[in-house]
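# Results of the structural survey
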Amino acid sequence: MLKTKVTLGLFYTIGLVLLSFGISMMILADLGAGPWDALYVALADILGFTVGTWILIVGFLLILLNAFLLKRMPDFFAVITIFIMGFFIDFWLLFAFADLIVPDTGSRIAMLAGSILIIAAGVSLYLQANFAPNPIDGLMMAVNVRTGLSLSKSKTVLEVAVMVIALIIGGPIGVGTVIVAFGIGPLIQLFFVPVSKIKSKMVLAPDAASK
């Protein structure tokens with residue numbers, strides 16, 4: 001039981017660290033961030049505060065909105081996820097990559113491609129824990145429940161709506177935004193299956209060893 005909790009905790013933490021790293025790389029590549037990340041960058045540019053702080057602010061508001069839409073108590077465990085994400089994104093952007101200069105378009109394209117793969121891997125890892133879901137995923141579920149749209153359609157509607165808002169207020173919208181909005185799902189699924197198998201082997205390892 002303890003080994004299972006430790007394993008899931010590792011998947012959750014490593015997944016969020018990778019996810020924050022990938023998002024930071026995408027922002028620095030400057031070829032378009034994901035719709036929500038573009039929104040955070042735009043809010044940081046217009047109103048101040050850091051990108052990580054806006055992840056916390058918007059995430060907390062979404063937790064309250066999701067509770068209202070679903071008519072249930074707010075899932076305050078989700079604060080853990082947005083706190084970790086906000087902390088590490090500020091760490092990568094303001095400290096680890098503070099002096100990073102991307103010299104040419106080829107390097108930016110390579111960064112964008114790498115960031116998308118890292119984001120997909122990170123999401124696949126953190127979802128294994130089934131703990132403290134991102135409030136954005138909670139909003140997708142709430143829209144699904146209240147409108148009857150499928151999860152896929154709910155996700156797409158939200159991503160497009162946020163992308164339009166980010167574009168209007170000056171967020172970094174570009175090819176990366178479009179890829180994340182419409183193509184990240186299949187990549188997450190691509191990573192999810194092998195990652196699930198690795199998790200199962202790690203969780204079941206003690207039982208297998210005792211036989």
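Presented here is an overview of the structure given in this document. Every chain's residues receive numbers from 1 upward, in the order its sequence appears when written. Only residues with pLDDT of 70 or above have their local features reported here, since the model is predicted, and side-chain atom pairs are shown and tallied only from 80 upward, although totals for entire chains, interfaces and linings are computed over all residues. Values reported for side chains reflect all heavy atoms of the structure, with hydrogen atoms and water molecules removed beforehand.

## Describing a nonpolar patch on the surface
Stated precisely, the cut-off is as follows: By definition, no residue in a patch forms a salt bridge, and every one has over 30% relative accessible area; like charges are joined within 9 Å, nonpolar side chains (Val, Leu, Ile, Met, Phe, Trp, Tyr) within 5 Å. To measure how exposed things are, a 1.4 Å probe is used in the Shrake-Rupley method; for residues, cover is taken only from the protein chains shown. Salt-bridge detection follows one rule: a side-chain nitrogen of Lys or Arg within 4 Å of a carboxyl oxygen of Asp or Glu. Put simply, DSSP marks the helices as runs of H or I at least four residues long and the strands as runs of E at least two long, and each gets a number from the N terminus on.
There is a patch of nonpolar side chains on the surface, built from F49, I57, F60, L61, L64 and F76 and spanning about 570 Å² of accessible area. Along the chain, L61 falls in helix 3 (residues 51-70).

## Describing the packing of aromatic side chains
In this description, an aromatic ring pair is defined by two values, namely the gap between the centres and the angle between the planes. The line we're drawing: Pairs were defined over the aromatic rings of Phe, Tyr and Trp, the Trp ring being its six-membered one, requiring ring centres within 6.5 Å. Orientation was assigned from the angle between planes: stacked under 30 degrees, edge-to-face over 60, tilted for the rest. Per-residue accessibility, obtained with a 1.4 Å probe over protein chains only, is compared with the maximum for each type, and a residue is labelled buried under 20%, exposed over 50%, and partly exposed between these values.
Applying the stated criterion to the full structure yields eight aromatic pairs. Seen in terms of ring centroids, Y12 and Y126 are 6.3 Å apart; in terms of plane orientation they differ by 55°. Their pairing is tilted. Taken as a pair, Y12 in helix 1 (residues 2-29) and Y126 in helix 5 (residues 105-126) lie far apart in primary sequence, 114 residues in all. For the pair formed by Y12 and Y126, the shared burial category is buried. Their ring planes at 85° and their centres at 5.2 Å tell us that F87 and F88 sit as a pair that is edge-to-face.

## Thoughts on helix 4 (residues 78-96)
Side chains of residues three or four places apart in an α-helix project in the same direction, reflecting 3.6 residues per turn. Counted only if it meets this: Expected span of a helix: the number of residues minus one, times 1.5 Å. Note on contacts: a residue pair qualifies if any of its non-hydrogen atoms lie within 4.5 Å across the two residues.
Between its first and last C-alpha, helix 4 extends 26 Å over 19 residues, near the 27 Å set by a 1.5 Å rise per residue. Of all the positions in helix 4, only A78, T81, I82, I84, M85, G86, I89, D90, W92 and L93 are classed as buried. If you follow the buried residues of helix 4, they end up packed against helix 1, helix 3, helix 5 and helix 6 (135-147).

## Here we look at helix 1
A rise of 1.5 Å per residue sets the reference length of helix 1, with its 28 residues, at 40 Å; its end C-alpha atoms lie 40 Å apart and thus fit the reference within 8%. Note on helix 1: the residue one or two positions beyond its end, D30, has a positive phi of about 60°.

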